Amino acid sequence: MKKIAICLASVLLAGAALSFSGCGEDKKLWQHYKDYFKIGCTMNYGTQDIFDDIAGEFNSMTCENEMKWVALQPNEGKYNYTSADNMVSFAKEHGMSVRGHCLAWHNPLALPGWVFSVEGEDGKPAVASYEKVKERLVTHATEVVTHFGDDIYAWDVWNEVITDNYTEDDTDLYRLDSQWHTVAGLSGALSPDERNAVNDKIEDLFIATFDAARKANPDAKLFYNDYFANNQFKAQKLLTVLDRLLEKGCEIDGVGIQAHYDITSFDWEMLENLIVQISARGLEVQITEIDFSMYDYNGDIALYYHEFTEDMAQLQASCFGKAFEIFRKHKDKITCVTQWGVADDDSYLHKIPVAGRQDWPYLFDEYHAKKPAYYAVIDF
Ligand code: GLA
């Protein structure tokens, strides 16, 4: 693994030059990147107005939660677009196009229980069949993509299906903790041959969703989205999954690399390699959820920093700077880079993995001032 080295000098010089001379102050972040790719952020319904002052830095927006299944179809056939439509209007007013996130995700926070349940013969809830679940999936994708129409230029069709298992068994592809996979027959007790047959059924679900989204909006780019931070095994499994899906004629246009990183373990070589490997399959890449936390996500939950020190700021700047250097180098492969949040005053990382823990993951601080990381990103 190649970790980033602290490169204070260039960051300090870039930050100082730009902040003290005023040079470049009027240019928005997306304008620095207009010949490269879109620059996005995520926002939430109800707090988007907090970011009125800096929304113009971005030209793409993803709703953090408002387009997830539970938000749009909390009960079968009862769609609720109020918050999402409001966010789309906000984006348009601020010159941002909109990424759709996400049609299907296993996480119970995003997926209502009714999807996997039917009324049994005795009137009590029973487990829905694979066919019923597939029908609901296709209906949801069709309805939702049709509703937003041309307001959405790219959809994350499926989110996070690949297992985190560190195994080289190339039939061990899909996560066990997903009801989508369970309904197709996946369990930990299968032989590789049995698992292969189940993988086909799981992939039929994916392919049906991509097909439905394509039919509902032929112009939107369709993505598979997942996290791979520093996990070489998972990256390898992604490539296997892509090869399988492409061979089966799946209507996929690209891969979203989430890029939730932390400042202590950024493996930029792996990131670059992944971008190249995805593109070699003829697919587009979008960086969909980048941030640089101060903490290792799976690390010590008792660790708590009370202040964002100068050392942290500089290390984060070199991480962001290095990541964007790679993105610029591969601008022929990448069409959008989205930061998962806007500024340090509001972040999912203040809630998970540890509730109430301070973190400073973004390019803008809690007062919406540009951080050293911002200056590192525009230093080219
Ligand atoms: C994943 C999901 C996002 C968001 C983040 C943070 O990355 O794709 O929608 O929920 O987790 O919680």
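Structure's up top.
Worth saying up front: this structure is predicted, and the values here are computed from it rather than measured.

(A) Quick peek at the overall build of the protein chain. Counting secondary structure elements, the protein chain contains eleven helices and eleven strands. Taken over C-alpha atoms, the radius of gyration comes to 21 Å for the protein chain, in line with the 21 Å a tight globule of 380 residues would show. Over its C-alpha atoms, taken along the principal directions, the protein chain stretches across nearly 70 × 45 × 40 Å. Taking the intrachain contacts of the protein chain between residues at least 6 apart in sequence as the baseline, contacts between residues at least 24 apart amount to 75%. For the protein chain, the computed accessible surface area is about 16,000 Å², with 51% contributed by carbon and sulfur atoms.

(B) Local environment of the pattern of salt bridges. Tallied over the full model, the rule gives 20 salt bridges. Among the ionic pairs, glutamate 325 bridges to lysine 322, the shortest N-O distance being 3.4 Å. One end of the pair, glutamate 325, and the other, lysine 322, are both in helix 10 (residues 310–329), three residues apart, so they sit about a helical turn from each other. With a shortest N-O distance of 3.3 Å, lysine 333 and aspartate 332 are connected by a salt bridge. A relative accessible area of 17% means that lysine 333 is categorised as buried. Since its relative accessible area comes to 62%, aspartate 332 is described here as exposed. Put simply, Asp200, Glu203, Arg244 and Lys248 are held in one network by salt bridges that share partners.

(C) Inspection of the site of the ligand at higher detail. What surrounds the ligand is the set Lys68, His101, Trp105, Asn159, Glu160, Gln258, His260, Glu289, Trp340, Tyr348 and Ile352. In this structure, an oxygen atom belonging to the ligand sits 2.6 Å away from a side-chain N or O atom of histidine 101. Here an oxygen atom of the ligand and a side-chain polar atom of glutamine 258 are 2.9 Å apart. Within the complex, the protein chains bury 88% of what would otherwise be the 300 Å² of accessible surface of the ligand. Split into classes, the residues belonging to the shell around the ligand amount to four nonpolar, four polar and three charged.

(D) A look at the state of the cysteines. Under the counting rule described, the total for this entry stands at zero disulfides. This cysteine, cysteine 63, is not joined by any disulfide, and cysteine 41 carries the nearest cysteine sulfur, 10 Å off.

Calculation notes
- Residues numbered from 1 in each chain as written.
- Predicted model: local features only at pLDDT ≥ 70, side-chain atom pairs only at ≥ 80, totals over all residues.
- Heavy atoms only, no water.
- Helix = DSSP H or I, 4+ residues; strand = E, 2+ residues; numbered from the N terminus.
- Rg over C-alpha atoms; globule rule 2.2 N^0.38 Å.
- Contact = heavy atoms within 4.5 Å.
- Areas by Shrake-Rupley, 256 points an atom, 1.4 Å probe, with all protein chains shown as cover.
- Salt bridge = Lys/Arg side-chain N within 4 Å of Asp/Glu carboxyl O.
- Buried < 20%, exposed > 50% of the residue type's maximum accessible area, 1.4 Å probe, protein only.
- Near = heavy atom within 4 Å.
- Polar contact = N/O pair within 3.5 Å; in protein donor to acceptor, adjacent residues only side chain to side chain.
- Nonpolar A, V, L, I, M, F, W, Y, C, P; charged D, E, K, R; others polar.
- Disulfide = S-S within 2.5 Å.

These values are about where atoms sit, not about what they do.
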